[in-house]
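An overview of the molecular structure
Chain by chain, the residues:
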Amino acid sequence: MYLSFVLERVNAEIQRLKTNKKTQSGSAPGQEREQKGVIVSHHGIAVNIRFESGEQRLVKVKRRAGHVVGDTVAVKHHRLTRLPRKTELCRRNSRGSICVVGANLDVLGVVVSPLPSPTPGYIDQSVIAARQAGLIPLLVINKADLETAGSFIRQMERTYSESLDIFVVSAKTGQGLDALKLYLRDGLRAIFTGITGVGKSSLLNAIFPTLDLKVGEIYEAGKRGCNTTTVSSLHSLPDGGELVDTPGFNEFGLVDITTENLAECFPGFEQVPHGSCRFRNCRHRTEPGCIVSTMVDSGQIPMERYTAYTEILNQIEAGDARFRTRR
Ligand SMILES: Nc1nc2c(ncn2[C@@H]2O[C@H](COP(=O)(O)OP(=O)(O)O)[C@@H](O)[C@H]2O)c(=O)[nH]1
Ligand SMILES: [Mg+2]
């Protein structure tokens, strides 16, 4: 149903271009100008491109060409060439496959809410993936209007305030949205990720009221959201900056992470003078001369952060080959 809708739009687009060509006197096909643009949504067999001219249209692509939202592309004669990426945010899904979540991004906003609450390790893994990809991670706590929000916000602030910028917001009441908009106004391209139902699409709608993205219901029984957003989409904000909405994913599996990388990107280990342990390949477990263990013993690193680190380290070690698979 959806596929036929996209096909229809692609065919209409091709028809429109053919008609245009006929009416353009003297513009030989060989002289068509190359147009640069950015992919604003991906529909499997076609991508929606916003060109530098401001025009937005669908261009056909091969199904597995690997283009993602945020990719800069050049189009000439209906042929699309992807330009090199500045950044690439990747995650591993529950089947172990690697997915590129978005390209040329500056900021990853990890959206969480008191209900549904984040799955264990979700925030840490998202932050690590962001830092590994060269993105600035933010924590966006949505649904601040809920009765249970107070204790959840305090817990989040206790854990992450030393590591990340935190925005406490409510898509429902508008609380905190101005601060978020101000942050993004500097021309940054941000992506919102988070499990389904935390309010990513609602936040985009609240920030950008003419957008009208579909919003899902929360199932009462499981207190989990249903997946209403099916494709990622990039939107320019009225006051500057860009935001990408994504479908929810409950896992942010790490890709190609080494144990050195893990400690360097882990939220809570920012004060660690990396490379100061006695052994160069120290995993910060029980090795003698480990600077991290000393900082845990002296209270500079909270025990909760250290435990969370070792849990991810265990997963990496258990699935070593899996984590090192190359694309
Ligand atoms: N109380 C409250 N509910 C919200 C807020 N933001 C979103 N919701 C609700 O949460 C549900 C899921 O929202 P949606 O934007 O689809 O979440 P997404 O899956 O992360 O995109 C919807 O029923 C929204 O109305 C908020 O700030 N406060
Ligand atoms: Mg959504």
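Up top is the structure.
Read on for a plain summary of the structure. (Residues numbered from 1 in each chain as written. Chains lettered and ligands numbered in written order. Predicted model: local features only at pLDDT ≥ 70, side-chain atom pairs only at ≥ 80, totals over all residues. Heavy atoms only, no water.)

Glancing now at the environment of Ser276. Mapped onto the elements of the fold, Ser276 is located in the loop between α6 (259-265) and α7 (291-297). For the pair Ser276 and Gly289, spaced 13 residues apart in sequence, the C-alpha separation works out to 8.8 Å. At a separation of 2.6 Å, a polar atom in the side chain of Ser276 contacts the main-chain carbonyl oxygen of Pro273. (Helix = DSSP H or I, 4+ residues; strand = E, 2+ residues; numbered from the N terminus. Polar contact = N/O pair within 3.5 Å; in protein donor to acceptor, adjacent residues only side chain to side chain.)

Quick look at the packing of aromatic side chains now. Per the counting criterion, the structure on display carries six aromatic pairs. Aromatic pair Tyr122 and Phe252: ring centres 6.4 Å apart, planes at 75 degrees, arrangement edge-to-face. Of this pair, Tyr122 sits in helix α2 (residues 122-132) while Phe252 sits in the loop between β13 (242-245) and α6, and the two are 130 residues apart along the sequence. As far as burial versus exposure is concerned, Tyr122 and Phe252 are alike and both buried. (Phe/Tyr/Trp six-rings, centres within 6.5 Å; stacked < 30°, edge-to-face > 60°. Buried < 20%, exposed > 50% of the residue type's maximum accessible area, 1.4 Å probe, protein only.)

So, on to the pattern of salt bridges. For the structure on display, the rule yields eleven salt bridges. In this structure, Arg131 and Glu270 form a salt bridge, with 2.9 Å as the shortest nitrogen-oxygen distance. Placement of Arg131 in helix α2 and of Glu270 in the loop between α6 and α7 is noted, with a sequence separation of 139 residues between them. For Arg131, a relative accessible area of 23% puts it in the partly exposed group. For Glu270, a relative accessible area of 31% gives the class partly exposed. (Salt bridge = Lys/Arg side-chain N within 4 Å of Asp/Glu carboxyl O.)

Grouped together as the largest cluster of nonpolar side chains are 74 residues, with contacts concentrated most on Leu89, Leu139, Phe192, Leu262 and Phe269. In this structure Phe269 touches Ala263, His274, Val292, Ile301, Arg305, Tyr306 and Tyr309, once residues within four positions along its chain are discounted. Formed by nine residues, the second largest nonpolar core is a distinct cluster that contains Ile39, Phe51, Val61 and Val75. (Core = buried A, V, L, I, M, F, W, Y, C linked by side-chain atoms within 4.5 Å. Contact = heavy atoms within 4.5 Å.)

Glancing now at the environment of Glu52. Relative to the helices and strands, Glu52 is located in the loop between β2 (46-51) and β3 (56-60). Overall, the relative accessible area of 70% leaves Glu52 in the exposed class. Along the backbone, Glu52 and Lys36 are 16 residues apart, and their C-alpha atoms lie at a distance of 6.1 Å. Apart from residues lying up to four places away in sequence, Glu52 is in contact with Lys36 and Gly37.

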